[in-house]
Amino acid sequence: MKRLLGGLAGGLAGGAAAFGAALAQENSWNGPVDGDIGMLPAASKLAEEVHFFHNGVLMPIITVISIFVLALLLWVVFRYNVKANPEARKFSHSTVLEVIWTGVPIIILLGIAFYSFDLLYKEDVIPDGKQIVAKADGATTDFTFANDFPPSRTAAAPKHVQVFKGTAAGAEGLVHGRDYTLAGLGSATVAVKFKAAPAAGESIVIRVGRSLVGPTKFLGLFGKDNTEIALAPTMTIKAIGYQWGWSYAYPDFGDFEFASNMLPEDKTTPELYRFEVDNRVVVPVGETIRVVTTARDVIHAFALPNMAIKIDAVPGRLNETWFKADREGVYYGQCSEICGVRHSAMPIAVEVVSRPKFEAWVDSQRALAGLEPMFGAAPEKFAAAAADTAAQ
Ligand SMILES: [Cu+2]
């Protein structure tokens with residue numbers, strides 16, 4: 001028995017270690033690999049929040065319920081079998097018990113809804129946060145900005161404002177109360193008042209709005225708050241599903257459109273077969289992208305697991321969602337609505353690149369469509385965009 005228990009404990013410890021290793025696995029191509037447990041690596045704050053909801057909220061609840069039900073079962077099996085309990089009692093109701101087994105699940109579901117309704121809202125509603133960048137002159141301590149949102153969306157609490165100091169070393173998040181205070185929350189103009197004037201030349205980045213996404217402290221107590229204010233989209237991509245492929249349009253950049261079809265087996269690697277396409281969607285890193293979906297024939301669904309988005313593409317109707325990739329790379333998804341015999345042959349491949357690369361790509365697509373370049377004529381814009389990225 002001792003050996004059995006020892007083996008069991010060893011097995012559990014080994015299993016836990018394997019689970020940890022699988023979770024921590026470096027996954028350079030962001031897709032599934034052999035031995036994976038859990039979800040694909042998160043590439044956006046929204047995906048991090050989805051993972052937090054699954055790993056930090058749902059899994060503990062599921063585990064406790066499973067163990068509780070198993071214990072009840074074992075109790076009934078051993079305590080009330082025909083040998084241990086030959087004379088069964090004949091009662092059929094217990095008001096107290098029925099109130100408990102109705103009330104407790106309601107409380108559990110309310111607890112889940114508290115997190116999941118919030119997430120549903122964030123996925124569905126396009127963020128409206130804005131960012132103000134100011135250069136410090138070494139003397140100014142107060143930086144004001146217009147709080148010009150619709151009444152229900154104005155910055156009214158310290159968490160609706162995030163302040164960063166951008167230096168060569170990267171962005172440093174400042175703490176309300178320690179580094180700065182806020183004046184005028186809820187009114188038309190808000191001031192960020194620094195305790196000490198930031199050094200001359202430093203970029204002061206102020207993010208404002210109510211579109212907070214990312215994992216927060218569990219029950220407001222444990223872990224660390226890792227939320228960020230999501231900014232309003234800088235561009236829209238329109239994904240149109242058809243039997244069997246996707247077509248993408250970029251209405252902000254001259255309405256060029258291209259088809260994106262799965263690469264045949266001999267044109268790609270075994271690992272990427274059924275993921276890779278001939279023309280990838282290209283988007284800039286760190287920017288909020290509005291995704292609008294529709295379809296030409298039957299219902300398809302646009303899904304990107306790394307960004308934790310999935311939305312139906314319905315003929316005659318526009319659906320929208322959004323994502324913001326935090327890392328450059330290629331992210332794969334697949335049509336997620338059974339749409340016909342080649343449903344499995346309409347993958348989605350999104351390439352996240354730097355802003356200058358994105359602009360060069362836009363110009364190349366415009367050239368293919370017979371349009372004038374949009375960015376190439378103004379090379380100084382490239383430098384400004386690169387400096388902006390460095391400042392963040
Ligand atoms: Cu489809």
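Keep in mind that what you see is a predicted model, and the values were worked out from it rather than measured.

**Q** Please clarify how the overall build of the protein chain should be interpreted in this entry.
**A** The secondary structure content of the protein chain amounts to five helices and 19 strands. Buried residues in the protein chain amount to 24% of all 392 residues. Relative to all contacts within the protein chain whose residues are 6 or more apart in sequence, the contacts with residues 24 or more apart total 64%.

**Q** What am I meant to see in the sheet that holds strand β19 (residues 347–353) here?
**A** The strands that make up a sheet are held in pairs by hydrogen bonds between backbone atoms, and each pair lies either parallel or antiparallel. Spatially, the three strands line up as an open sheet ordered β13-β19-β18, and their pairing is mixed. Each end of this open sheet is capped by a strand with a single partner; those strands are β13 (281–284) and β18 (329–334). Averaged over all neighbouring strand pairs, the angle between strand axes comes to 25 degrees, with direction disregarded. Relative to β19, β13 is paired through four bridges, and the arrangement is parallel. In the sheet register, Val282 faces β19, and the bridge partner there is Glu351.

**Q** How do you make sense of the nonpolar core when you look at a structure like this?
**A** Note that soluble globular proteins tend to have their nonpolar side chains buried in a common cluster. By size, the foremost hydrophobic cluster in this structure holds 57 residues, and its most contacted members are Ile237, Ala239, Val283, Met307, Phe323 and Val350. For Ala239, the contacting residues outside a window of four places in its chain are Trp246, Tyr248, Val291, Thr293, Phe302 and Ala313.

**Q** Would you mind going over helix α3 (residues 95–124) with me for this structure?
**A** Three or four residues apart is the spacing at which side chains of an α-helix point the same way, because the helix has 3.6 residues per turn. Under the 1.5 Å per step criterion, the end-to-end length of α3 is 42 Å for 30 residues, consistent within 8% with the ideal 44 Å. Along α3, the largest kink reaches about 30 degrees and is centred on Ala113. Burial runs low along α3: only zero of the 30 residues are buried.

**Q** Looking at this structure, I do not really get the packing of helix α2 (residues 45–79) against α3. What am I missing?
**A** In helix packing, the relevant descriptors are the interaxial angle and the interaxial distance, both defined with respect to the helix axes. The geometry of α2 relative to α3 is characterised by a closest axis approach of 11 Å and an angle of 170 degrees between their N-to-C directions. With respect to their mutual orientation, α2 and α3 come out roughly antiparallel. In contact with Leu46, Glu49, Val50, Phe53, Val57 and Ile61 of α2, α3 contributes Ile108, Ile112, Tyr115, Ser116, Leu119, Lys122 and Glu123. Classifying every residue of the contact of α2 with α3 by side-chain character gives nine nonpolar, one polar and three charged.

**Q** Where do I start with the sheet that holds strand β11 (residues 245–249) in this structure?
**A** Here we have five strands laid out as an open sheet, ordered β12-β11-β10-β14-β17, and mixed in their pairing. Unpaired on one side and paired on the other, β12 (257–260) and β17 (319–323) mark the two borders of the sheet. Averaged over all pairs of adjacent strands, the angle between their axes in this sheet comes to 25 degrees, without regard to strand direction.

**Q** Explain the environment of Tyr242 here, please?
**A** With respect to the element layout, Tyr242 can be found in strand β10 (residues 235–242). Distance in space between the C-alpha atoms of Tyr242 and Ala259 is 9.9 Å, their sequence separation being 17 residues.

**Q** It is not clear to me how unusual backbone geometry should be interpreted in this structure. Could you clarify?
**A** What is expected of a backbone is that most residues other than glycine have negative phi and most peptide bonds are trans. Here the residue pair Gln243 and Trp244 is connected by a cis peptide bond, since its omega of 0 degrees sits within 30 degrees of zero. Along the chain, the position of Trp244 falls in the loop between β10 and β11. The backbone of Arg274 shows a phi angle near 80 degrees, a positive value even though the residue is not glycine. Along the chain, Arg274 falls in the loop between β12 and β13. Residues other than glycine seldom take positive phi values, yet Ala308 does so here, at roughly 55 degrees. Tracing the backbone through its elements, the reader meets Ala308 in the loop between β15 (300–304) and β16 (309–313).

**Q** Just checking my understanding: could you explain helix α4 (residues 355–368) for this structure?
**A** End to end, α4 covers 20 Å across 14 residues, agreeing with the expected 20 Å (1.5 Å per residue, within 8%). For α4, every residue scored as buried is listed here: Arg355, Phe358, Glu359, Val362, Gln365 and Arg366. Take α4 and look down its axis: the buried residues cluster within an arc of 120 degrees, on one side only. Among the exposed residues of α4, those pointing more than 90 degrees away from its buried face are Ser364 and Leu368.

**Q** Before we go on, may I ask you to explain the pairing of β16 in this structure?
**A** Look at any regular strand and the pattern is simple: side chains alternate between the two faces of the sheet. Pairing between β15 and β16: five bridges, direction antiparallel. Among the inter-strand pairings, Leu304 is bridged to a residue of β16, identified as Ile309. Taken together, β15 and the strand that follows it, β16, pair antiparallel across an intervening segment of four residues, in which Ala308 is found at a positive phi of about 55 degrees.

**Q** Just checking my understanding: could you explain the confidence of the model for the protein chain for this structure?
**A** Caution is warranted with low-pLDDT regions, since their predicted coordinates should not be read in detail. On average, residues of the protein chain carry a pLDDT of 86, and 88% of them reach 70 or more. Within the protein chain, strand β14 (residues 289–295) carries the highest mean pLDDT (97), whereas helix α1 (residues 2–24) carries the lowest (40). A low-confidence stretch, residues 378–392 (pLDDT under 50), is modelled with 14 contacts involving residues beyond four sequence positions or located in other chains.

Conventions and cut-offs
Residues numbered from 1 in each chain as written. Predicted model: local features only at pLDDT ≥ 70, side-chain atom pairs only at ≥ 80, totals over all residues. Helix = DSSP H or I, 4+ residues; strand = E, 2+ residues; numbered from the N terminus. Buried ≥ 20, exposed ≤ 12 C-beta atoms within 10 Å, placed from the backbone. Contact = placed C-beta atoms within 7 Å. Pairing = 2+ DSSP bridges. Axes fitted to C-alpha atoms, helices over the stretch in contact; angles between N-to-C directions. Core = buried A, V, L, I, M, F, W, Y, C linked by C-beta atoms within 7 Å. Expected span 1.5 Å × (residues − 1). Bend = angle between axes of the 7 residues up to and from the residue. Parallel < 35°, antiparallel > 145°, perpendicular 65-115°, else oblique. Nonpolar A, V, L, I, M, F, W, Y, C, P; charged D, E, K, R; others polar. Arc of directions from axis to C-beta. pLDDT = per-residue confidence, 0-100.

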